[in-house]
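# Notes for the structure review
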Amino acid sequence: MSETQWNVDPQEGKGSQVEIPEVIPLLPIRDIVIYPYMMLPLFVGRDMSIQAVEEALTRDRLIFLVAQKNSAEDNPKPADIYGIGTVASIMRMLKLADGRVKILVQGLSKGEIESYTRERPFYEVKIRKVTEPAIPEVSIEVEALMRNVKEKIEQILNLKNLPPEIGMVTDNISDPGVLADLVASNLRLKIEESQAILEIFEPVARLKKVTELLSRELELSTMQARIQNQAKEEMSKTQRDYFLREQLKQIQQELGEGDERAEEIKELKKSIEKAKMPLEVKREAEKQLKRLEQMHPEASEASLVRTYLDWLVELPWSKRTKDNLNIPKAKQVLDEDHYNLEKVKERILEYLAVNKLRRKIKGPILCFVGPPGVGKTSLGKSIARALGRNFVRVSLGGIRDEAEIRGHRRTYVGALPGRVIQGVKQAGSKNPVFMLDEIDKVGTDFRGDPSAALLEVLDPEQNHAFSDHYLNLPFDLSNVLFICTANLLDPVPPALADRMEVIQLSGYTNEEKLEIAGRFLIPRQLEDNGITTKQLDISDDAVLRIIAQYTKEAGLRNVEREIASICRKVARKVAEGKKDLTRVTRGNLHLFLGPAKFLPETEQEHHEIGVATGLAWTSAGGEVLYVEASLSKGRGNLTLTGQLGEVMKESAQAAVSYARSHAKELGIDEDFYQKLDIHIHVPAGAIPKDGPSAGITMATALTSALTKRPVSRDVAMTGEITLRGRILPVGGLKEKCLAAFRAGIRTIVIPEKNQKDLDEIPKPLRRKLTVSPASNMAEVLKVALLDKSTPKRSAQSLVASGKSKPAKGKRWKPKEKPLERARRERPILLRA
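In this text, all values refer to a predicted model and were calculated from it rather than measured experimentally.

## Overview of the overall build of the protein chain
- On a plain count of helices and strands, the protein chain comes out with 31 helices and 25 strands.
- Relative to its full complement of 832 residues, the protein chain shows a buried share of 48%.

Shown next, in the form of structure tokens:
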């Protein structure tokens, strides 16, 4: 107690006699025992205690101080208060602002409670003054005891580096009882031990008891000093927290006790052994574990090391799932989940077959490229199910930070491994099917290029030792089956595309969409909307009409949305009480979905001069493109409109150059370019267009306008043109053929070198199309241009315009061939 003082002057201690009354107010005190001759301040806050102090001040300023047995008790009863205490004099009193009272007291004499005379509003007791037996003279034994106590006090002062003034006070004390009380008041004793010393009235016996307690304190101080010396040898000057932890550690070693931290370290050691890490990784994990042991648990770096070790032990360094090598069963699973897509299924089964024969092979790195809605993402889940592997998917769309792939270095606050390592941990095995979705939508900014970071991940020669910035250790990704998906391959860097095995997924034909809708979409939507086949039946004709007139896409997302819309309307009727079957047919489809959203193109209802039908490829599939050419008197200016790209403008200029160089063969004036202005327009001007595949279409439209020969409305074409009139090959043939088929066009002109791509077109569709390969522009014009005598309008368009009535006395006959008419009618059933 820093504020404790002792008045040990013999004149005041024993000479001054204060008359102590028998009845005196009692003040219960907590956490301290007051000895005679001891002076210290007390803070009084309880109402009962304040009233006792005020009562003592009104009398003779004497009060009886007794310790409570339980310091947590706010309202102690007589049984909760010890029977022996100290009569003290209140030297000063000060009232504080918070209502408490601060008093300065000095112990005078011991006393024993005989009875409680009052319990309310404060305790008042009848006491018996305790008179200690007088010692006539100090014997040799008592002198030796007192010297022993003083020497031990000096030793403790030296060990704790305390001021020597305390030793000077003890040297001036000759009374063994007073010395015992002084030492007892300065030892950190429990209340029970301090009270026991107070209750020993014989001075020598009290001094012997204090000597025992002082010996224990000296032993503890010696041990503490030894602990401090051991800790200081292993501690740097700036690591105060480390010093405190070492102290605690040494104390626990002496006591033979463990702690939670030791258990945590033990568990981490077990986890490291259980993880079966590679030797290099295990060595690093053990090194970090030793660092963790030497750190204070509250240090900021300790949590970083602990998190790092958690990542190391939780990664599947040696865990792998067993592949399903039953090839027929795997094929069955793939066929159950997806219709057609034979290329992808064949590649997966080939991988399984090689794995079955060789066992240890590197995982392939596939890239599915195709329009939205053809099943690229769901195909990854199906492959994982067929192989019996875990599946994890990471979407790369919009990622611009290289650290998303390779992780952050551990020096940063909140650092974590990259998406790849996180995905492998989530999968729980080192050989999952890992899907990197939307790889063509990865961005780049000042934080780095994520696609460049993917080069190591997707390189079979490097990914066996992939190093994440956070782990900074090699992790084997060679057993992972990576599947990337993209709508377009153009945005993917060439170096990255070169590391992947690209598999093109084209759009579906109407028949394939019908099959997929019947097998997968309709049953799924029936289940999702809580209805059954007993409540809703959708005919094949209705589905075909949904495909042709309510959607315009390569995939099936919008088809499923339209089917879901029908199911919701029927579900509402069922919920309202309708019990009979609802049939959706081609005739009543508009009652569920409203009028058709996509109608056949009206520009080509008849053969026209200067209008040719081209085919284009987009990320959503194939599209029909109309190219218009018109002539007007002028000076040979060429105007190109329709928001055309640079490549497409160059194709138009090449078409004009071809017409000029072959004017004589085409039967047109050789100097037409001096007298006429040429305007080439591609409708849908709000949509940007580019690419060389519309070259022959522009040349055909221009030639038609110059020769006044109409272009057949039943012919579509695609191909790049040269100045010599040669036709070069183009891409996306399957999608373009599907677009022509959807538009009701059955004759398609393609470059001769594209005949190899016809194998990609489904056989049922190929049988319904007439494909005309062409190696030069003359062959294209031979198929596309009609004779001048061919009427512009078909019978259907004439009837619709009201001009089908023949002249009086004459019967009108259509000059168009019946075959062309029949061919035009056939697709209406498929598109309806």
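## Considering the pattern of salt bridges
- Inspection of every chain in the model, using the stated rule, returns 35 salt bridges.
- A salt bridge links Asp335 to Lys331; the shortest N-O distance between them is 3.0 Å. With Asp335 and Lys331 both in helix α12 (residues 327–337) and four residues apart, the pair spans about one turn of that helix.
- Residue Asp335 is classed as partly exposed on the basis of its relative accessible area, which comes to 25%.
- Among the ionic pairs, Arg385 bridges to Asp337, the shortest N-O distance being 2.9 Å. Placement of Arg385 in helix α14 (residues 376–387) and of Asp337 in helix α12 is noted, with a sequence separation of 48 residues between them.
- Accessibility expressed as a relative area gives 45% for Arg385, which makes it partly exposed.

## Considering helix α20 (residues 540–550)
- Taken across its 11 residues, α20 has eight buried, putting it largely inside the fold.
- What α20 keeps buried is the set Ala542, Val543, Leu544, Ile546, Ile547, Ala548, Gln549 and Tyr550.

## Let's talk about the sheet that holds strand β9 (residues 391–395)
- Overall, parallel pairing links the five strands, which are arranged β9-β10-β13-β8-β14 in an open sheet. Of all strands in the sheet, those bounded by a partner on one side alone are β9 and β14 (501–504). Going across the sheet, the axis of each strand differs from the next one's by a mean of 20 degrees, ignoring polarity.
- As paired strands, strand β10 (residues 433–437) and strand β13 (residues 481–486) are joined by four bridges and run parallel to one another. Bridged to Leu436 within β13 is Cys484.
- The sheet contacts of α14 involve β8 (365–369), β9, β10 and β13, and relative to β10 the element is tilted by about 175 degrees.

## Some points on the pairing of strand β6 (residues 101–118)
- Where strand β3 (residues 38–44) meets β6, six bridges bridge the pair, whose relative direction is antiparallel. Bridge assignment links Leu42 to a residue of β6, and that residue is Ile103.
- Where strand β5 (residues 84–95) and β6 come together, 11 bridges link them in antiparallel fashion. Bridging across to β6, Thr86 finds its partner in Lys110.

## Some words on the packing of helix α19 (residues 510–528) against helix α21 (residues 557–575)
- Two elements in contact, α19 and α21, have axes separated by 9 Å at closest approach and are oriented at 45 degrees. Taken together, α19 and α21 sit at an angle that is classed as oblique. Relative to α21, α19 is oriented so that their crossing is right-handed. Packed against α19, whose contacting residues are Ala517, Leu521, Ile522, Arg524, Gln525 and Leu526, the element α21 presents Val559, Glu560, Ile563, Ala564 and Cys567 at the interface.
- Taken together, the residues of the contact of α19 with α21 sort by class into eight nonpolar, one polar and two charged.

## Points about the nonpolar core
- Within the largest apolar cluster, 63 residues are counted, with the highest numbers of intra-cluster contacts made by Phe64, Leu65 and Ile103.
- Excluding anything up to four places from it in sequence, Phe64 contacts Ile24, Pro25, Leu26, Leu27, Gly85, Thr86, Val87, Gly111, Glu112, Ile113, Val125 and Ile127.
- Counting residues in hydrophobic clusters, the runner-up holds 54 residues, among them Val281, Val369, Phe434 and Met500.

## Considerations on helix α16 (residues 419–427)
- Taken residue by residue, α16 has Val420, Ile421, Gly423, Val424 and Ala427 as its buried positions. When α16 is viewed along its axis, its buried side chains cluster within an angular range of 160 degrees and face the same direction.
- The inward-facing, buried residues of α16 abut β9, α15 (403–406), β10, α17 (450–457), β11 (466–467) and β12 (474–475).
- Of the residues trailing α16, Gly428 is marked for its positive phi of about 80 degrees.

## Observations concerning the environment of Thr585
- As for its position among the elements, Thr585 is in the loop between β16 (582–584) and α22 (589–593).
- Judged by its relative accessible area of 33%, Thr585 is partly exposed.
- In this structure, the C-alpha to C-alpha distance between Thr585 and Asp540, residues 45 residues apart in sequence, is 8.0 Å.
- Residues contacting Thr585, with those up to four places away along its chain left out, are Ser539 and Ala542.

## A look at unusual backbone geometry
- Between Arg120 and the following residue, Pro121, the backbone shows a cis peptide bond with an omega angle of 0 degrees.
- At Lys276, a residue that is not glycine, the phi angle is positive and equals roughly 55 degrees.
- Lys276 sits in the exposed class, given a relative accessible area of 61%.
- In this model, Lys708 sits at a positive phi of 65 degrees, which is unusual for a non-glycine residue.
- Within the element layout of this structure, Lys708 appears in the loop between α26 (695–707) and β21 (715–717).

## Let's talk about the packing of aromatic side chains
- For the coordinates displayed, the defined rule picks out five aromatic pairs.
- Taken together, a centroid distance of 5.5 Å and an interplanar angle of 70 degrees make the contact between Tyr116 and Tyr123 edge-to-face.
- The class of Tyr116 is partly exposed, set by a relative accessible area of 25%.
- Here Tyr308 and Tyr470 contribute two aromatic rings whose centre-to-centre distance is 5.8 Å and whose plane-to-plane angle is 65 degrees, an arrangement assigned as edge-to-face. A residue pair is termed long-range when its members are at least 10 positions apart, and Tyr308 in helix α11 (residues 300–314) and Tyr470 in the loop between β11 and β12 qualify at 162 residues.
- Judged by relative accessible area, Tyr308 falls into the buried class, the value being 1%.
- Directly above the aromatic system of Tyr82 lies the positively charged group of Lys69, at a separation of 5.8 Å from the ring centroid.
- Positioned over the ring face of Tyr308 is Arg410, at 3.9 Å from the centre of the ring.

## What about the side chain of Asp757?
- On the secondary structure map, Asp757 appears in the loop between β24 (747–751) and α28 (763–768).
- Among the residues examined, Asp757 registers a relative accessible area of 16% and is labelled buried.
- A polar contact of 2.7 Å, which involves the side chain of Asp757, links it to the side chain of Asn754.
- In contact with Asp757, other than residues within four places in its own chain, are Val730 and Leu733.

## Re the confidence of the model for the protein chain
- Averaged over every residue, the pLDDT of the protein chain is 82; residues scoring 70 or more account for 88%.
- Here helix α31 (residues 818–831) stands out as the element of the protein chain with the lowest mean pLDDT, 29, in contrast to β24, whose mean of 94 is the highest.
- Low pLDDT, under 50, characterises residues 10–16; the predicted model gives this stretch six contacts beyond four residues in sequence or across chains.
- For the stretch residues 791–832, pLDDT sits under 50, and the model shows 67 contacts to residues farther than four places along the chain or on other chains.

What counts and how
- Sequence order as written defines the numbering, with residues in each chain counted from 1.
- Owing to the predicted nature of the model, reporting of local features is limited to residues with pLDDT of at least 70; listing and counting of side-chain atom pairs is limited to 80 or more, with chain, interface and lining totals taken over all residues.
- Here the side-chain values reflect all heavy atoms present in the structure, with hydrogen atoms and water set aside.
- Secondary structure elements follow DSSP: runs of H or I no shorter than four residues count as helices, runs of E no shorter than two count as strands, and numbering proceeds from the N terminus.
- Think of it in three bands: with a 1.4 Å probe and only protein chains considered, a residue is buried below 20% of the maximum accessible area for its type, exposed above 50%, and partly exposed in between.
- A pairing counts as a salt bridge when a side-chain nitrogen of Lys or Arg comes within 4 Å of a carboxyl oxygen of Asp or Glu.
- Pairs of strands are assigned from DSSP output, requiring at least two bridges between the strands.
- Helix axes are fitted only over the stretch in contact, all axes being lines through C-alpha atoms; the angle between N-to-C directions runs from 0 to 180 degrees.
- Two residues qualify as a contact provided that any one of their heavy atoms is within 4.5 Å of a heavy atom in the partner residue.
- Throughout, the term roughly parallel applies to angles under 35 degrees, roughly antiparallel to angles over 145, roughly perpendicular to angles from 65 to 115, and oblique to all others.
- Should the near helix be turned anticlockwise from the far one by less than a right angle, the crossing is termed left-handed; should it be turned clockwise, right-handed.
- Each residue is assigned to one class: nonpolar for Ala, Val, Leu, Ile, Met, Phe, Trp, Tyr, Cys and Pro, charged for Asp, Glu, Lys and Arg, and polar for all the others, Gly among them.
- What we call a nonpolar core is a set of buried Ala, Val, Leu, Ile, Met, Phe, Trp, Tyr and Cys residues that are connected through their side-chain atoms within 4.5 Å.
- The reported arc concerns the directions from the helix axis to the C-beta atoms and nothing else.
- For this analysis, a ring pair means two rings from Phe, Tyr or Trp (six-membered ring only for Trp) whose centres lie within 6.5 Å, classed as stacked if their planes differ by under 30 degrees, edge-to-face if by over 60, and tilted for the remaining angles.
- Distance and angle both matter: a charge sits over a ring if NZ of Lys or CZ of Arg is within 6 Å of the ring centre and within 35 degrees of the ring normal.
- The term polar contact refers here to a pair of N or O atoms within 3.5 Å; inside protein, the definition further demands a hydrogen-donor-capable atom paired with an acceptor-capable atom, and it admits residues adjacent in sequence only when both atoms are side-chain atoms.
- The predictor rates its confidence in each residue with pLDDT, a number between 0 and 100.

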